[in-house]
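Descriptive structure summary
Take a look at the letters that make up each chain.
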Amino acid sequence: MSHSRDPYDRSHEPQADDVYGQEPWMLDPYADPYTGQTGQAPERYTPEQLYAQEPYVPGPETGQMLAQTGYPPPYEGDYQTGEFTRTGEFAGDFQGDFQGDFQPEYEAWPTPDEMRAGEPEPETEAEPQRGKGGRMAAAAAAAAAARPRLRRVRRQRGRRLDNTALVALGLIGAMAVALLLNRPHQWEQPTLAADSSAPKAATVVCPGKPKSGADEVAVTNAADGSGEVTLSGPGAGKGAQATVGSGKVTTTSAKPGSVVIRAGKEVAPGLVAGRSTAKPLAATGCVAPQAEAWFPGVGAGATHNSVLELTNPNSGAATVDISLYDEKGVVPVPEDLRGVAIPGNTTRTFDLLHVIPRKGELSLKTTVVRGQAGVMVRDRAVALETGATKEDYFPGQSTPAETNLLVGYPNSAASRTLTVANPGDAQVSAELRLLTPKNVLTPEGAPEISVPPNGQTQVDLTKLLGKDSAGDAYGVEIVATGPVTTAMRSVDRGDVAITTATETVSEATAVVVPAGPGVGKKRVVIAGPVAKTGSSGTVKVVPVTAKGKALKAKSVEVGPGLGAEIEVPAEAALIQLVPEGVEVNAAVVMSGEGDAVVPFRPLRSEVRTAGVAPGLPLPLEP
């Protein structure tokens, strides 16, 4: 049965829009919205009476505010642990306020004295009306007294967090303003020029000698140095020393194996060495150890086979990787050629006929992955009827390029085979041009060259370079759509001559060549810059005898598409080449009891040390 003053019994009372649905704590404590009477003070209860009206009055064991108002409790959770969840229409305002270490300000229900504090003294005339409000009104008054206090504590905690965020944002803003007000430095990376100095030591490797013929090693200094050099390796026996003078050629006999020549700081700048035989004629320059070398067109068959030489000039071990290519792509490498280990101060030789016998030519690549190694190939031509074998040296090409110049080849040959190797993963097209004394031209009937990825292509140039069609041509230019390596093998009456892509020379250099009755004509073949933007200049050729006597020098004008051939006396043992204001490609072509081609290489007369800048740029003055 409902109480006569029960606020939920509205069956006989009109509903007012301005008060219906509001919680009791939101109403005027001195107005009764259901009777329309205002100004009357509500009946009051003592704290002892409020405590006695359970279960409507909250207790400290639950911490829940139950006022029988019809609304869900404003906070749910455990009062002792401090984990609360806000429910109702204001849940978003207090999300996260009661998580973690929440400790409410009150740990127990306020005492009667605390509840009396701040309350006005009760009027005696209102005492008889205490019973009119009922127990439910007392519970509503208690809830109304508690809610504002709890809400006030939580809002203070939220404001404290907001203040911390505002302080952090203020610090960030102050730092940004300080950076804007402080004018930054102007930074400039210092550039240090490369340092050039004369080399303090030099080492070159001469390959082993062919099967037949008298053999010698020649050493000279093309600069102004003179002193002692040391010869070691299998071809030097127990080792030897030789005195080298500027412009003088010192020759010494050697055994069939390779020879390593070392020079100190007196002879290292401008050190030049070579190895040759006179009968039959074969010659090559001794090369410094190189990280990579290409040999397009080597053989592993009965009539054409090649011998690979790997020489380690140092005491520590070296390792060389070997790759092979043919017209179809990469060729599986035999076990003997995988990761070849070369002990210190030794030479390892591989005859491809015995290692990987096959018909047709291959392209060979060597990569030094540890230590240093001098790499050279000796190419052989074998006559099946007589079994006679003739050899010549096959110098490698260090770097693939889109434009390759093959300068100098014998005037007559029974066969000429051009090999183009493509180290890339895409197919390459190449155009063949001929170098003549007057211009560079594309001959009629020039073949179309297409090289598969990681493969090679061979072209027969015997007819194209014959006397009837290109009698005045002295070189071949290959212009490809990607980097390639090239070499041309010429065979005349069983003798072999190899023409490889030459390096560009812009400063004075020299080569040593065999001299004597077994050597016939010598001619220096010079190709000017092919690019139309290249400059023109003068090239001076100075032949020198073994004793250092300079013979008659000759000078020629070369430029883009313009080259020259200069005859050299047979007694010349050293040929100096001096370009003036122009870059050229050049080689010496010799003929006698056989043919040989020796290319000019840049002279190692200085060592360049790259400039090193600090790790961080230095600030300039503000």
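Residues numbered from 1 in each chain as written. Predicted model: local features only at pLDDT ≥ 70, side-chain atom pairs only at ≥ 80, totals over all residues. Heavy atoms only, no water.

Concerning a nonpolar patch on the surface
On the surface, a cluster of nonpolar side chains totalling about 330 Å² of accessible area is made up of Leu 166, Leu 169 and Ile 172. Looking at where Leu 169 falls in the secondary structure, it is placed in helix H3 (residues 130-181). Residue Leu 169 is classed as exposed on the basis of its relative accessible area of 56%. (Patch = residues over 30% accessible without salt bridge, like charges linked within 9 Å, V, L, I, M, F, W, Y side chains within 5 Å. Areas by Shrake-Rupley, 256 points an atom, 1.4 Å probe, with all protein chains shown as cover. Salt bridge = Lys/Arg side-chain N within 4 Å of Asp/Glu carboxyl O. Helix = DSSP H or I, 4+ residues; strand = E, 2+ residues; numbered from the N terminus. Buried < 20%, exposed > 50% of the residue type's maximum accessible area, 1.4 Å probe, protein only.)

Considering the side chain of Asn 221
Within the secondary structure layout, Asn 221 lies in strand S8 (residues 215-221). At 3.0 Å, the side chain of Asn 221 and the backbone nitrogen of Gly 225 are in polar contact. If we ignore the near neighbours within four places in the chain, the residues touching Asn 221 are Val 244, Gly 245, Ser 246, Gly 247, Lys 248, Val 267, Pro 269, Gly 270 and Leu 271. (Polar contact = N/O pair within 3.5 Å; in protein donor to acceptor, adjacent residues only side chain to side chain. Contact = heavy atoms within 4.5 Å.)

Let's talk about the packing of aromatic side chains
Here the structure, examined in full by the defined rule, presents 2 aromatic pairs. Ring centres of Trp 294 and Tyr 325 lie 5.6 Å apart, and the angle between their planes is 25 degrees; this geometry places the pair in the stacked category. On the criterion of sequence distance, the pair formed by Trp 294 in strand S15 (residues 292-299) and Tyr 325 in strand S17 (residues 318-326) is long-range, its members being 31 residues apart. Using a relative accessible area of 2% as the deciding quantity, one classes Trp 294 as buried. With a relative accessible area of 8%, Tyr 325 lands in the buried category. Considering the side-chain rings of Phe 295 and Phe 394, the 5.7 Å spacing of their centres and the 80 degrees angle between planes classify their relative orientation as edge-to-face. Remark: Phe 394 occurs in strand S23 (residues 389-394) and Phe 295 occurs in strand S15; sequence separation between them is 99 residues. (Phe/Tyr/Trp six-rings, centres within 6.5 Å; stacked < 30°, edge-to-face > 60°.)

Observations regarding unusual backbone geometry
With a phi close to 50 degrees, Asn 454 is a non-glycine residue in the positive phi region. On the secondary structure map, Asn 454 appears in the loop between strand S28 (449-451) and strand S29 (455-460). The residue Arg 493 is not glycine, and still its phi comes out positive at about 50 degrees. Within the element layout of this structure, Arg 493 appears in the loop between strand S30 (475-492) and strand S31 (495-500).

Some words on the state of the cysteines
This model, assessed by the stated rule, comprises 1 disulfide. For Cys 206, the disulfide goes to Cys 286, at an S-S distance of 1.9 Å. With the S-S dihedral at roughly 105 degrees, the linkage between Cys 206 and Cys 286 falls on the right-handed side. Placement of Cys 206 in strand S7 (residues 202-206) and of Cys 286 in the loop between strand S14 (282-285) and S15 is noted, with a sequence separation of 80 residues between them. Overall, Cys 286 belongs to the buried group, its relative accessible area being 10%. (Disulfide = S-S within 2.5 Å.)

Some details on the sheet that holds strand S38 (residues 585-592)
Strand order in this open sheet of 4 strands is S36-S33-S38-S39, and the pairing throughout is antiparallel. The strands lining the two open edges of the sheet, one partner per strand, are strand S36 (563-568) and strand S39 (594-599). On average, adjacent strands in this sheet sit at an angle of 20 degrees to one another, irrespective of strand direction. With 6 bridges joining them, strand S33 (residues 519-527) and S36 adopt antiparallel strand pairing. Residue pairing across strands places Val 525 opposite Glu 565, the latter belonging to S36. (Pairing = 2+ DSSP bridges. Axes fitted to C-alpha atoms, helices over the stretch in contact; angles between N-to-C directions.)

A short note on the nonpolar core
By size, the foremost hydrophobic cluster in this structure holds 30 residues, and its most contacted members are Phe 295, Val 298, Leu 308, Leu 310, Ile 322, Leu 337 and Leu 364. Listed by contribution, the elements that provide at least two residues to this core are S15, strand S16 (304-311), S17, strand S19 (340-342), helix H4 (352-355), strand S21 (361-370), strand S22 (374-382) and S31. It is S17 that contributes the most residues to this core, 4 residues altogether. Discounting chain neighbours no more than four positions away, the residues touching Leu 337 are Ile 322, Leu 324, Phe 350, Leu 352 and Val 355. (Core = buried A, V, L, I, M, F, W, Y, C linked by side-chain atoms within 4.5 Å.)

Some points on the environment of Gly 548
Relative to the helices and strands, Gly 548 is located in the loop between strand S34 (537-544) and strand S35 (554-558). Discounting residues that sit within four places of it in the chain, Gly 548 has contacts with Gly 247 and Lys 248.

Thoughts on the sheet that holds strand S11 (residues 250-253)
The strand order across the open sheet built from 4 strands is S11-S8-S13-S14, with neighbouring strands paired in antiparallel fashion. Since the sheet does not close on itself, it has two edges, and those belong to S11 and S14, each with one partner. Here the strands of the sheet are splayed against their neighbours by 20 degrees on average, with no regard to which way each runs.

Concerning the pairing of S14
Relative to S14, strand S13 (residues 271-277) runs antiparallel, the two sharing 4 bridges. If you follow Ser 276 over to S14, its bridge partner there is Ala 283. Counted along the chain from S13 to the antiparallel partner S14, the turn is 4 residues long.

Examining the pattern of salt bridges
A full pass over the atoms with the stated rule returns 13 salt bridges. One salt-bridge network, held together by shared partners, links Glu 309, Asp 351, Arg 378, Arg 380 and Glu 391.

With respect to the environment of Gln 456
Turning to its location among the elements, Gln 456 is positioned in strand S29. A C-alpha to C-alpha distance of 5.9 Å links Gln 456 and Asn 422, two positions 34 residues apart in sequence. Sequence-distant contacts of Gln 456, that is, excluding residues within four places in its chain, are made with Gly 297, Tyr 325, Asp 326, Glu 327, Glu 361, Leu 362, Ser 363, Thr 419, Val 420, Ala 421 and Val 451. Within the structure, Gln 456 has its side chain in polar contact with the side chain of Ser 363 (distance 2.5 Å).

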